[in-house]
Amino acid sequence: MDPATIVGILVAFGALYAMITLEHASVQALLLPAPMILVFGATIAIGIAGGTFKDFLVAVKAVPAAMMGKTIPPQDTIDSVVVLAEKARSEGLLALEEEANTVEDPFLRGALQNIADGTDGEELREILEDEIDSASQTHRTASKFFASLGGYAPTVGIIGTVVSLTHVLENLSSPDKLGPMIAAAFVATLWGLLSANFLWLPIGTRIKRLGEMETARMTLLMEGVLAVQAGSQPRLLGERLKAMVPQHAQGKSGKGDKDSAKGAADGPASQGKAAA
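Residues numbered from 1 in each chain as written. Predicted model: local features only at pLDDT ≥ 70, side-chain atom pairs only at ≥ 80, totals over all residues. Heavy atoms only, no water.

The next subject is the overall build of the protein chain. A tally of regular secondary structure across the protein chain gives 12 helices and 0 strands. A burial count over the protein chain gives 37% of its 276 residues as buried. If you take every contact in the protein chain between residues at least 6 apart in sequence, the share linking residues at least 24 apart comes to 80%. Accessible surface for the protein chain amounts to roughly 15,200 Å². Of this, 62% is attributable to carbon and sulfur atoms. (Helix = DSSP H or I, 4+ residues; strand = E, 2+ residues; numbered from the N terminus. Buried < 20%, exposed > 50% of the residue type's maximum accessible area, 1.4 Å probe, protein only. Contact = heavy atoms within 4.5 Å. Areas by Shrake-Rupley, 256 points an atom, 1.4 Å probe, with all protein chains shown as cover.)

Across the protein chain, the average pLDDT comes to 85, with 89% of residues at or above 70. The low-confidence segment residues 253–276 (pLDDT under 50) makes 38 contacts with residues lying over four places distant or belonging to another chain. (pLDDT = per-residue confidence, 0-100.)

With that out of the way, let us pick up the pattern of salt bridges. Inspection of the entire model under this criterion finds 8 salt bridges. Across the salt bridge formed by D105 and R217, the nearest N and O atoms sit 3.0 Å from each other. With D105 in the loop between α5 (95–100) and α6 (106–116) and R217 in helix α9 (residues 187–230), the pair connects residues that are 112 residues apart, well separated along the chain. Of the two residues examined, D105 and R217, each falls in the buried class. It is possible to trace a salt-bridge network through shared partners that takes in R125, E129, E223 and R240. (Salt bridge = Lys/Arg side-chain N within 4 Å of Asp/Glu carboxyl O.)

On the secondary structure map, V163 appears in helix α7 (residues 121–169). The class for V163 is exposed, based on a relative accessible area of 53%. The spacing of V163 and P35 is 128 residues in sequence and 10.0 Å in space, taken between C-alpha atoms.

Listed in full, the buried residues belonging to helix α10 (residues 234–243) are P234, L237, G238 and L241. Buried residues of α10, seen end-on, are gathered within an arc of 100 degrees and therefore sit on one face of the element. Residues of α10 that are exposed and point over 90 degrees away from its buried face: R235, L236 and A243. Where α10 is buried, its residues contact α4 (74–91) and α9. Looking at where α10 begins, the residue whose side-chain oxygen comes 2.8 Å from the main-chain nitrogen of R235 is Q233. (Arc of directions from axis to C-beta. Polar contact = N/O pair within 3.5 Å; in protein donor to acceptor, adjacent residues only side chain to side chain.)

Right, let's talk about the side chain of S143 for a bit. Mapped onto the secondary structure, S143 falls in helix α7. Among all residues touching S143, those that are not within four sequence positions of it are G204, I207 and K208.

This part is about the side chain of Q229. Along the chain, Q229 turns up in helix α9. Residue contacts for Q229: discarding those within four places in its chain leaves L93, I115, T119, D120, G121 and L124.

Turning to a negative patch on the surface, a few remarks are in order. A surface patch of negative charge is lined by D120, E122, E123, E126, D130, E131 and D133. A relative accessible area of 46% places E123 in the partly exposed class. (Patch = residues over 30% accessible without salt bridge, like charges linked within 9 Å, V, L, I, M, F, W, Y side chains within 5 Å. Lys, Arg positive; Asp, Glu negative; His and termini not counted. Charge placed at Lys NZ, Arg CZ, Asp CG, Glu CD.)

Here the focus is the packing of aromatic side chains. Per the counting criterion, the structure on display carries 7 aromatic pairs. Ring centres of F40 and W200 lie 6.2 Å apart, and the angle between their planes is 70 degrees; on these two criteria the pair is classed as edge-to-face. Taken together, the positions of F40 in helix α2 (residues 33–49) and W200 in helix α9 put the pair 160 residues apart, joining distant regions of the chain. (Phe/Tyr/Trp six-rings, centres within 6.5 Å; stacked < 30°, edge-to-face > 60°.)

The next thing to look at is a nonpolar patch on the surface. Together, M1, I6, L10 and M68 line one region of the surface with nonpolar side chains, adding up to about 400 Å² of accessible area. If you trace the backbone, I6 turns up in helix α1 (residues 4–22). The partly exposed category is assigned to I6, whose relative accessible area is 32%.

This part covers the environment of L178. By secondary structure assignment, the location of L178 is in helix α8 (residues 175–185). L178 gets classed as buried once you look at its relative accessible area, which sits at 17%. When the C-alpha atoms of L178 and L165 are compared, they prove to be 9.8 Å apart, with 13 residues separating the residues in sequence.

So, about α1. Compared with an ideal rise of 1.5 Å per residue, which puts 19 residues at 27 Å, α1 spans 26 Å between its outermost C-alpha atoms and is within 8% of the ideal. Buried residues of α1: T5, I9, L16 and I20, and no others. In a view along the axis of α1, the buried residues occupy a sector of 45 degrees, so they form one face of it. Of the exposed residues in α1, those oriented more than 90 degrees away from the buried face are L10, V11 and L22. (Expected span 1.5 Å × (residues − 1).)

Here is the structure:
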């Protein structure tokens, strides 16, 4: 689990609270129901209007994964593919069908099943590339939805402020009430800016980043299983796959150096469970 999004959002709101406290302001003065309902309600509604309802559902489903941030270290993926290569060389490609039954990752399971069924390498590549592209489109749809909310929210906040200031102008005959009313009017703008930069844009960027990492993992698996099908030597295959991983992403697997060998020995079944 990578709690970067949760930690970042909490720290951002914590910094806001610290500023409010140091300025001797009141938090309750910002928690006004009317502007908050307008900003959050109208922003989400406009976001839905700008796409389809299915896009909205895809975006909502992507939020828990974005918050949890579960990712599989590239080395774990490489170790699993190397184990598959060793099994294929020692027992034949048909042995991969047995492995497919123990894998929970649908992408890897489907690839192994196709290899065991004798699917041609070029045809299998096309199938896997289509699956990768489909998964990538899903992440892009969710990311785009939250990015659009980040663009709409500040403008909706300004609309709320204008509406409130119109109400202020109706009460010019009561000077003693103007100060609090003007202050309350700008709360809508504040929530528009806050929701855009503290919530919608970070979530959208997070989903995009996780989508990129998942696409890279699936690509690594695709190249690995195609090499297994072609009969690549396991050690050389491992080196080739490692060369595909950017330097900053290389390093220890999720369980550390001591457990790396054990993770490889556990085989692709552990890889599938991690993906779930």
